[in-house]
Amino acid sequence: MNNLTFGNEQYQYYETICGGSGAGPDFDGTDAVHTHMTNSRLTDPEVLEWRFPVLVESFAIRRGSGGRGRHHGGDGAIRRIRFREAMTAAILSGHRRVPPYGMAGGEPGALGRNYVVRTDGSVETLGGTDQCAMKAGDVFVIETPGGGGFGKA
C-alpha cells in the first residue's frame, strides 16, 4: 500500500496509489494495480486539479520495476504531484527497505521510493512513513514497488 495525504486549513485529501502485483506459477504479475485493497480508486486528475491546488504532472507505469523470472512481477507506478500552495504532505508506504520477494527462484521487485523535488532543484528523500512541508512549486514523487517474479528465467 502507498497512502498519500496532503492538506492545510482549507484542503484535505487522501489517496491510495497502486503498485505491481507478484507473479505466480502460471501467470505474470499485473502492472499498477491495488493488491489486498478493494473498493478504492484514484480521483480523476481533472477533478483533483479542479478541487485542490495541485497539478498531477505525471502518472505512469514504472517500467522495469517488476522482478524477473519465468513469470515477471508487475511493474509499479510513478506519480508526480506539484503543489500550487503550501501544505503538509504525508506518506505511509511499504517496501522501501525490503524489496517485494520473488518465489521459486524469481527475482524480487524494485524497492519503492518517496521524495520531494524542491523548486530550487534539490531533492529531499523521504522514508516509507514520513511527512514534510510542501511549498508552492514543490513536487512530491512516489515510485511504487514492483511485484516479485516467479521461477527461474
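Remember, predicted model here, so these are calculated numbers, not experimental data. (Residues numbered from 1 in each chain as written. Predicted model: local features only at pLDDT ≥ 70, side-chain atom pairs only at ≥ 80, totals over all residues. Heavy atoms only, no water.)

**A short note on the pairing of strand β5 (residues 87-93)**
Rules: To sort residues, take the accessible area from a 1.4 Å probe on protein chains only and compare it with the maximum for the residue type: under 20% means buried, over 50% means exposed, and anything in between is partly exposed. Runs of H or I in DSSP of at least four residues are treated as helices and runs of E of at least two as strands, each being numbered from the N terminus. Following DSSP output, two strands are said to pair if at least two bridges run between them.
Because side chains alternate across β5, one face comprises the buried residues M87, A89, I91 and S93, and the other comprises T88, A90 and L92, none of which is buried. In terms of strand pairing, strand β1 (residues 2-7) meets β5 through six bridges, oriented antiparallel. Bridge pairing in β5 places N2 opposite S93. Across six bridges, the pairing between β5 and strand β8 (residues 129-134) is antiparallel. Looking at β8, one finds that A90 is bridged to Q131.

**A look at the sheet that holds strand β9 (residues 139-143)**
Note the following rule: Fitted lines through C-alpha atoms give the axes, limited to the stretch in contact for helices. The angle between two N-to-C directions lies from 0 to 180 degrees.
An order of β3-β4-β9-β6-β7 is seen for the five strands of this open sheet, with the pairing classed as antiparallel. The two strands at the open ends of the sheet, each matched to only one other strand, are β3 (54-62) and β7 (123-126). For this sheet the average axis-to-axis angle between neighbouring strands, irrespective of direction, equals 15 degrees. Relative to strand β4 (residues 76-83), β3 runs antiparallel, the two being bridged by eight bridges.

**Quick word on the nonpolar core**
So the rule is basically this: Buried Ala, Val, Leu, Ile, Met, Phe, Trp, Tyr and Cys residues form a nonpolar core when they are joined through side-chain atoms within 4.5 Å. Residue contacts are counted whenever heavy atoms from the two residues lie within 4.5 Å of one another.
Membership of the largest hydrophobic core comes to 20 residues, with the highest contact counts inside it found for L4, F6, F83 and F140. Contributions of two or more residues to this core are made by β1, β3, β4, β5, β8 and β9. If we skip the residues at most four places from it in the chain, F83 touches F6, P53, V54, A89, M134, K135, A136, G137, D138 and F140.

**A few points about the packing of aromatic side chains**
For clarity, the cut-off: Put simply, two rings from Phe, Tyr or Trp (the six-membered ring, in Trp's case) pair if the centres are within 6.5 Å, and we call them stacked under 30 degrees between planes, edge-to-face over 60, tilted for the rest. To sit over a ring, a charge needs its Lys NZ or Arg CZ within 6 Å of the ring centre and within 35 degrees of the ring normal.
A full pass over the atoms with the stated rule returns five aromatic pairs. Ring centres of F6 and F52 lie 6.0 Å apart, and the angle between their planes is 85 degrees; this geometry places the pair in the edge-to-face category. Of this pair, F6 sits in strand β1 while F52 is found in the loop between α1 (45-51) and β3, placing the two residues 46 residues apart along the sequence. Given a relative accessible area of 13%, F52 falls into the buried group. Sitting over the face of the ring of F59, R79 holds its NZ or CZ atom 4.6 Å from the ring centroid.

**Structural notes on the sheet that holds β8**
Strand order in this open sheet of four strands is β2-β1-β5-β8, and the pairing throughout is antiparallel. Each edge of the open sheet is held by one strand with a lone partner, namely β2 (12-16) and β8. Going from strand to strand, the sheet's axes swing by 15 degrees on average, the running direction of each strand aside.

**Concerning the environment of A110**
With respect to the helices, strands and loops of the structure, A110 is situated in the loop between β5 and β6 (113-117). Linking A110 and G148, residues 38 residues apart in sequence, is a C-alpha distance of 8.3 Å. For A110, the residues in contact, after removing those within four places along its chain, are R62, S65, P100, P145 and G146.

**Quick word on the environment of F140**
Tracing the chain through its elements places F140 in strand β9. By relative accessible area, F140 is classed as buried at 1%. Between the C-alpha atoms of F140 and E57, which are 83 residues apart in sequence, the distance is 9.9 Å. With near-sequence residues (within four places) excluded, F140 lies in contact with L4, R79, R80, I81, F83, A89, I91, Y115, V116, L126, C132 and M134.

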